[in-house]
Each structure stands twice: as structure tokens, then as C-alpha cells.
Amino acid sequence: IERTLSIIKPDATNRNLTGKINAKFEDAGLRIVAQKRIHLSLAQAGKFYEVHKDRPFYGELCEFMASAPVVVQVLEGEGAIAKNRDVMGATNPANAAEGTIRKEFALSVGENSVHGSDAPETAAQEIAYFFSGLELV
Ligand code: ATP
Ligand code: MG
């Protein structure tokens with residue numbers, strides 16, 4: 001059974017959408033096996049998104065992610081990485097399918113409500129970035 005790292009981003013926590021977003025995950029068969037609310041520093045956001053450091057939106061992305069608390073969570077299920085990305089929808093909400101989180105809730109390509117790991121290796125790294133072994137059962 002697979003696990004993936006999910007983040008409910010500041011635009012969504014600011015609008016008190018955590019429960020509605022979690023309902024989408026659960027309706028899709030994803031189980032929330034760990035979850036906490038944290039406020040990232042700019043440096044912590046920068047390290048998390050280091051793979052994007054040469055992209056033009058990197059500075060804006062890190063400032064946004066550090067602008068308010070986020071909810072970091074581990075989702076578990078059969079094919080959880082792909083399933084989570086299906087439920088999230090396309091990065092740009094203008095391209096997101098009906099019924100997806102980003103279609104319903106995202107404000108823009110930057111303020112797009114959720115993050116989800118994109119592969120097994122990044123999922124393992126991202127889970128370890130936020131959660132210790134003792135927090136994962
Ligand atoms: P995520 O990594 O959050 O799951 P993604 O994999 O769909 O989203 P990436 O291309 O990896 O998208 O970009 C990471 C994040 O950077 C996006 O989720 C979004 O918040 C931000 N981002 C991507 N493209 C842009 C852009 N053109 N302008 C501003 N922010 C952007
Ligand atoms: Mg990505």
C-alpha cells in the first residue's frame with residue numbers, strides 16, 4: 001500500500017477549507033494517516049521546493065508557502081500518489097477537471113490549494129522532511 005505527502009496550502013487554510021479538502025481525499029479512498037498544522041519559515045519552504053529554485057516563480061512560491069500555516073499530511077491508499085494527483089487536478093485551476101480540489105477551490109496557478117508528491121522517491125523524501133518515524137503508524 002502506497003503513501004504520499006500532501007500539503008493543504010495557505011490559500012486554503014486561510015479560507016478554512018481543510019475539512020472540505022480532506023473529505024475529497026477520503027471520498028477518493030485515501031486515508032489520512034498523519035496530519036499536522038505548521039507554519040513554515042521562508043528557509044523551510046525554500047528547502048522543500050529546492051527542485052524549483054531556478055524557476056521564475058520560486059521566490060513567489062516560497063513566500064506564499066511561508067505566508068500562513070499549512071496542513072501537512074500523509075495519505076495512504078492503493079496507488080496513492082496518482083490517486084492524490086487525480087483528486088488535486090491540474091496545477092493551473094483553469095485546466096483542472098470538474099470535481100477536483102483545484103477546480104473547486106484554487107485561486108490561481110500559484111495559490112492552488114494543495115501539493116502532492118509526484119513519484120515514489122519524492123514521496124518518501126517529502127514524508128521524511130515533515131514526519132518522524134514515531135509519527136507514522
Ligand atoms: P505541486 O508540486 O504543488 O503538487 P504541481 O506538481 O502540479 O504542483 P509544479 O510544476 O511542481 O506543479 O509546481 C509546484 C508549485 O509551484 C505549483 O503547485 C504552484 O503552486 C507553483 N507554480 C507552478 N507554476 C507556477 C507559475 N507559473 N506561477 C506561479 N506559481 C507556480
Ligand atoms: Mg510538483
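Note that the structure is predicted; figures quoted are calculated from it, not measured. (Residues numbered from 1 in each chain as written. Chains lettered and ligands numbered in written order. Predicted model: local features only at pLDDT ≥ 70, side-chain atom pairs only at ≥ 80, totals over all residues. Heavy atoms only, no water.)

Here's the deal with the UniProt feature "active site" (unreviewed entry) in the protein
The positions that UniProt labels "active site" (unreviewed entry) are, in the present scheme, His115. Mapping histidine 115 onto the fold places it in strand β4 (residues 114-116). A relative accessible area of 11% places histidine 115 in the buried class. Setting aside residues up to four positions removed in sequence, histidine 115 forms contacts with Leu5, Ser6, Ile7, Lys9, Phe48, Tyr49, Asn84, Met88, Arg102 and Glu126. (UniProt positions renumbered as here; feature names shortened; annotations may be inferred. Helix = DSSP H or I, 4+ residues; strand = E, 2+ residues; numbered from the N terminus. Buried < 20%, exposed > 50% of the residue type's maximum accessible area, 1.4 Å probe, protein only. Contact = heavy atoms within 4.5 Å.)

Notes on the nonpolar core
When a protein is soluble and globular, its nonpolar side chains tend to lie buried together. By size, the foremost hydrophobic cluster in this structure holds 19 residues, and its most contacted members are Leu5, Ile7, Met65, Phe130 and Phe131. Elements that contribute at least two residues to this core include exactly β1 (2-8), β2 (31-38), α3 (42-48), α4 (58-65), β3 (70-77) and α7 (120-130). In terms of residue count, α4 provides more of this core than any other element does, five residues in total. Excluding anything up to four places from it in sequence, isoleucine 7 contacts Phe48, Met65, Val70, Val71, Val72, Ser113, Val114, His115 and Phe130. One finds Leu17, Leu30, Met88 and Ile101 within the second-largest nonpolar core, a separate group that totals 14 residues. (Core = buried A, V, L, I, M, F, W, Y, C linked by side-chain atoms within 4.5 Å.)

Quick notes on the side chain of threonine 13
Within the secondary structure layout, threonine 13 lies in helix α1 (residues 10-14). Classification of threonine 13 as buried rests on a relative accessible area of 15%. At 3.3 Å, the side chain of threonine 13 and the backbone oxygen of proline 10 are in polar contact. (Polar contact = N/O pair within 3.5 Å; in protein donor to acceptor, adjacent residues only side chain to side chain.)

Describing the pairing of β1
Two faces, one strand: in a regular strand the side chains alternate between the faces of the sheet. Of all seven residues in β1, five are buried; the element is thus mostly enclosed. Here β1 runs beside β3; their pairing, made up of seven bridges, is antiparallel. Bridging across to β3, isoleucine 7 finds its partner in valine 72. (Pairing = 2+ DSSP bridges.)

Some words on the pattern of salt bridges
Inspection of every chain in the model, using the stated rule, returns five salt bridges. Salt-bridge contacts for lysine 36 lead to glutamate 135; the nearest nitrogen and oxygen are separated by 3.2 Å. Of the two residues, lysine 36 sits in strand β2 while glutamate 135 sits in the segment after α7, which places them 99 residues apart along the sequence. For lysine 36, a relative accessible area of 23% gives the class partly exposed. (Salt bridge = Lys/Arg side-chain N within 4 Å of Asp/Glu carboxyl O.)

Concerning helix α2 (residues 18-27)
Listed in full, the buried residues belonging to α2 are Ile21, Asn22, Lys24 and Phe25. Looking straight down α2, one finds its buried side chains confined to an arc of 150°; they lie on one side. In α2, those exposed residues whose orientation departs by more than 90 degrees from the buried face are Gly19, Lys20, Glu26 and Asp27. Glycine 29 sits one or two positions beyond α2 and adopts a positive phi of about 90°. (Arc of directions from axis to C-beta.)

A closer look at the environment of leucine 42
Tracing the chain through its elements places leucine 42 in helix α3. Among the residues examined, leucine 42 registers a relative accessible area of 47% and is labelled partly exposed. Measuring from C-alpha to C-alpha, the distance between leucine 42 and glutamate 63 comes to 6.3 Å, with 21 residues separating the pair along the chain. With near-sequence residues (within four places) excluded, leucine 42 lies in contact with Cys62, Glu63 and Ala66.

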